[in-house]
Number of protein chains: 2
Amino acid sequence: MSLPLHERIRRDIETAILSGELQPGARLPVEHELMHQYACARMTVSKALSALASVGLIDRRKRAGSFVARPKVHSMVLDIPDLEQEIQQRGQMYGYRLVRRQVRLPDHNAADETALAGKGKLLLLKGVHIADDVPLAVEARLVSLSAVPEIEALTLEGTSPGAWLLKHVPWTEAETRIAAVAADQDTANHLLVEAGAPCLFVERRTWRGDEGITLVRQHFIGSGYDLIARFGSSRRDTDS
Amino acid sequence: MSLPLHERIRRDIETAILSGELQPGARLPVEHELMHQYACARMTVSKALSALASVGLIDRRKRAGSFVARPKVHSMVLDIPDLEQEIQQRGQMYGYRLVRRQVRLPDHNAADETALAGKGKLLLLKGVHIADDVPLAVEARLVSLSAVPEIEALTLEGTSPGAWLLKHVPWTEAETRIAAVAADQDTANHLLVEAGAPCLFVERRTWRGDEGITLVRQHFIGSGYDLIARFGSSRRDTDS
DNA sequence: TTGTCAATAATGTATAGACATAATTGACCG
DNA sequence: CGGTCAATTATGTCTATACATTATTGACAA
């Protein structure tokens with residue numbers, strides 16, 4: 001047994017929770033008690049509890065103690081692939097074809113657009129992600145020009161604007177919505193499928209603090225793409 | 001400024017990384033340096049770095065220092081909703097209708113099934129999740145009876161087996177795959193849609209250690225369901 | 001030049017204690 | 001009976017220190 005003590009404590013409690021031995025809402029031993037149980041310092045216990053709290057397995061309340069959280073939702077870690085890299089790893093050639101580029105003011109009827117740009121201008125970029133000449137996804141992206149003025153001067157013909165943004169623009173928060181939709185006629189044309197074909201729809205907004213940066217909607221060809229989410233010890237070790 | 005110091009350090013570095021100020025692969029200041037910068041103890045710096053390492057934003061190597069991780073993929077936290085609760089929160093009535101129940105040995109041609117149960121028996125449960133009489137998803141679940149023998153004796157007619165498993169069976173790891181597919185005829189019949197309609201396909205496997213527990217495949221009616229993933233300060237505060 | 005081995009520099013884990021903060025409890029007083 | 005305030009108890013943060021672990025560096029010898 002070589003694993004650190006705080007990790008052992010963490011696991012013991014995690015196991016007890018996941019196994020139902022500790023019911024949601026149950027109070028778990030106070031730090032001093034665990035301290036005696038494991039014959040260690042309070043910091044060590046605290047480290048274990050902090051880790052559990054940070055993944056939402058327990059709630060800690062001053063004066064009251066720590067409690068098993070009501071597992072309203074389970075959270076897992078979702079890996080969002082970098083398309084270009086992912087495709088190249090499969091040994092295919094990645095490409096991006098720009099279909100449309102437009103600068104305009106946000107549509108006042110579209111809450112999305114005003115929320116993103118306020119009264120500033122928007123850059124609309126529409127394009128197709130391609131793997132070995134086969135279209136994989138269509139992407140419609142809005143970029144707030146007040147947040148990213150530099151982008152207006154660029155000619156983003158063959159490179160994905162997402163990749164450029166990722167490298168050049170600071171962001172602190174992001175939200176992704178995932179759904180399944182039927183391809184509309186336009187999308188279907190770009191993806192070379194029939195209208196109505198199932199697409200994985202991914203919509204992502206990113207912010208820097210309160211300021212909106214970009215809003216992107218991607219339609220992945222149904223058969224071409226999966227997303228993976230994990231919980232547990234499976235580590236992010238794809239090195240070499 | 002009321003936020004803890006270790007949190008401030010964490011954010012400063014996180015921001016520097018996300019903004020590209022610290023490029024992937026870049027070495028960041030060693031702990032003693034940060035210690036001086038922030039005029040604090042090493043433990044405080046270490047706590048900040050540990051947090052960053054645990055979400056995969058940096059790699060820490062002894063003797064060498066800490067480095068910004070190559071962001072092969074971005075990871076976000078995906079909330080996996082508890083269907084029953086989610087539906088009830090919308091003010092709808094939740095129901096589960098069992099369609100089929102069968103105990104059998106794993107199919108040797110299906111790698112999934114043997115991986116799950118080895119040579120033990122499997123319980124197959126097929127059913128429909130219903131919100132206010134409207135079918136929302138069909139679910140086909142395999143449960144390893146060697147891992148969960150108790151379940152064979154239960155009559156799971158009106159309750160979701162997922163909910164029961166969640167409450168009674170310990171698990172430590174899970175993996176979820178998300179895709180968009182067209183409904184096959186059988187699925188379409190259950191969901192009261194036409195064959196070929198887009199469905200959000202969710203496949204989840206759970207384990208306790210190395211032992212497989214259950215494998216579930218859910219087809220959500222396309223218009224009815226979204227998944228949400230977040231990165232950043234948006235906290236899990238759905239209390240009350 | 002090459003191999004070995006010890007010094008070294010960095011993180012990893014842990015201790016013991018201090019003070020801060022927050023919420024509950026209970027005593028006291030109107 | 002009800003309200004206020006202080007004591008208590010638990011977590012939250014932080015310091016300062018110690019020793020463990022591990023990979024690199026560099027010196028020295030073959």
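A quick note: this is a predicted structure, and the numbers were derived from the prediction, not measured.

Participant: Teacher, can you tell me more about the protein's contact with DNA strand D here?
Facilitator: Close contacts around DNA strand D come from 22 residues, with Arg42, Arg60 and Arg63 of chain A together with Leu5 and Thr44 of chain B the closest. Of what DNA strand D places within 4 Å of the protein, 62% of the atoms are sugar or phosphate. A distance of 3.3 Å is found between a sugar or linking oxygen of DNA strand D and a side-chain nitrogen or oxygen belonging to Lys62 of chain A. The separation between a base oxygen of DNA strand D and a polar side-chain atom of Arg63 of chain A is 2.7 Å. When contributions to the surface near DNA strand D are tallied by element, the ones reaching two or more residues are helix H3 (42–54), strand S2 (58–61) and strand S3 (65–68) of chain A together with helix H1 (5–18) and helix H3 (42–54) of chain B. The greatest single-element share of the surface near DNA strand D, amounting to three residues, is contributed by H3 of chain B. Partitioning the surface near DNA strand D into residue classes produces eight nonpolar, four polar and 10 charged.

Participant: For this particular structure, what's the right way to read the sheet that holds strand S3 (residues 65–68) of chain B?
Facilitator: Two orientations exist for strands paired in a sheet by backbone hydrogen bonds: parallel and antiparallel. Residues and elements named next belong to chain B. Reading across from one edge, S1-S3-S2 is the order of the three strands in this open sheet, with antiparallel pairing throughout. At either margin of the open sheet sits one strand with a lone partner, and together these are strand S1 (27–28) and strand S2 (58–61). Pairing of S2 with S3, which is carried by four bridges, proceeds in the antiparallel orientation. Counterpart to Ile58 in the pairing with S3 is Val68. Packed onto the sheet, H3 meets S1, S2 and S3 and runs at close to 120 degrees relative to S2.

Participant: Got a minute to help me understand H1 of chain B in this structure?
Facilitator: Turn by turn, an α-helix covers 3.6 residues, leaving residues three or four places apart pointing in a common direction. Residue and element names in this part refer to chain B. For H1, built from 14 residues, the straight-helix expectation of 20 Å at 1.5 Å per residue is met to within 8% by its first-to-last C-alpha distance of 20 Å. Every buried residue of H1 is accounted for by Glu7, Ile9, Arg10, Ile13, Glu14, Ala16, Ile17 and Leu18. Buried-residue contacts for H1 involve S1, helix H2 (31–38), H3, S2, S3 and strand S11 (227–231). One or two steps after H1, the chain reaches Gly20, where phi turns positive at roughly 85 degrees.

Participant: Please explain unusual backbone geometry as it appears in this structure.
Facilitator: Negative phi values dominate among residues other than glycine, just as trans dominates among peptide bonds. Residues and elements named next belong to chain A. Even without glycine at this site, Asp132 takes up a positive phi of about 50 degrees. Note that Asp132 resides in the loop between strand S6 (122–131) and strand S7 (134–144). Of the residues examined, Asp132 reaches a relative accessible area of 37% and is grouped as partly exposed. In this model, Asp133 sits at a positive phi of 70 degrees, which is unusual for a non-glycine residue.

Participant: Explain the pattern of salt bridges to me, please; I cannot follow it from the model alone.
Facilitator: Pairing of side chains with opposite charge becomes possible as their charged atoms draw close. Applying the stated criterion across every chain, the model contains 26 salt bridges over all chains. The salt bridge partner of Glu7 of chain A is Arg10 of chain A, with a shortest N-O separation of 2.7 Å. On the criterion of helical spacing, the pair formed by Glu7 of chain A and Arg10 of chain A is a turn pair, its members being three residues apart in helix H1 (residues 5–18). Of the two residues, Glu7 of chain A and Arg10 of chain A, both sit in the buried class. Notably, a salt bridge pairs Glu7 of chain B with Arg11 of chain B, separated by 3.4 Å at the nearest N-O pair. Here Glu7 of chain B pairs with Arg11 of chain B, and both are found in helix H1, just four residues apart, close to one helical turn. Here Glu7 of chain B falls in the buried class, since its relative accessible area comes to 19%. Relative accessible area serves as the criterion here: at 41%, Arg11 of chain B is assigned to the partly exposed category. In the salt-bridge network here, residues are joined through shared partners; they are Asp112, Arg177, Glu203, Arg205 and Arg217 of chain A.

Reading the values: rules and limits
- The numbers attached to residues start from 1 for each chain and follow its sequence in the written order.
- Chain labels run from A onward and ligand labels from 1 onward, assigned in the order the entries are written.
- Reporting in this predicted model follows two pLDDT cut-offs: at least 70 for local features of residues, and 80 or more for side-chain atom pairs to be given and counted; totals over whole chains, interfaces and linings ignore these cut-offs and use all residues.
- Side-chain calculation: all heavy atoms of the structure are included, whereas hydrogens and water are not.
- If a single non-hydrogen atom of a residue is within 4 Å of a molecule or strand, that residue counts as near it.
- Here a polar contact is taken to be a pair of N or O atoms separated by no more than 3.5 Å, where protein atoms must pair a possible hydrogen donor with a possible acceptor and residues adjacent in sequence count only if both atoms sit in side chains.
- The numbering of helices and of strands both runs from the N terminus, where a helix is a DSSP run of H or I of at least 4 residues and a strand a run of E of at least 2.
- Any residue outside Ala, Val, Leu, Ile, Met, Phe, Trp, Tyr, Cys, Pro, Asp, Glu, Lys and Arg is labelled polar, Gly included; the first ten of those are nonpolar and the last four are charged.
- Two strands qualify as a pair provided that DSSP identifies no fewer than 2 bridges between them.
- Residue contacts are defined here by distance: any two heavy atoms, one from each residue, within 4.5 Å place the two residues in contact.
- Throughout, an axis means a line fitted to C-alpha atoms (over the contacting stretch in the case of helices), and angles, computed between N-to-C directions, take values from 0 to 180 degrees.
- Every helix has an expected span of 1.5 Å times one less than the residues it contains.
- The classification of residues rests on relative accessible area computed with a 1.4 Å probe and restricted to protein chains. Under 20% of the type maximum is buried, over 50% is exposed, and intermediate values are partly exposed.
- Here, a salt bridge means any side-chain nitrogen of Lys or Arg that lies within 4 Å of a carboxyl oxygen of Asp or Glu.

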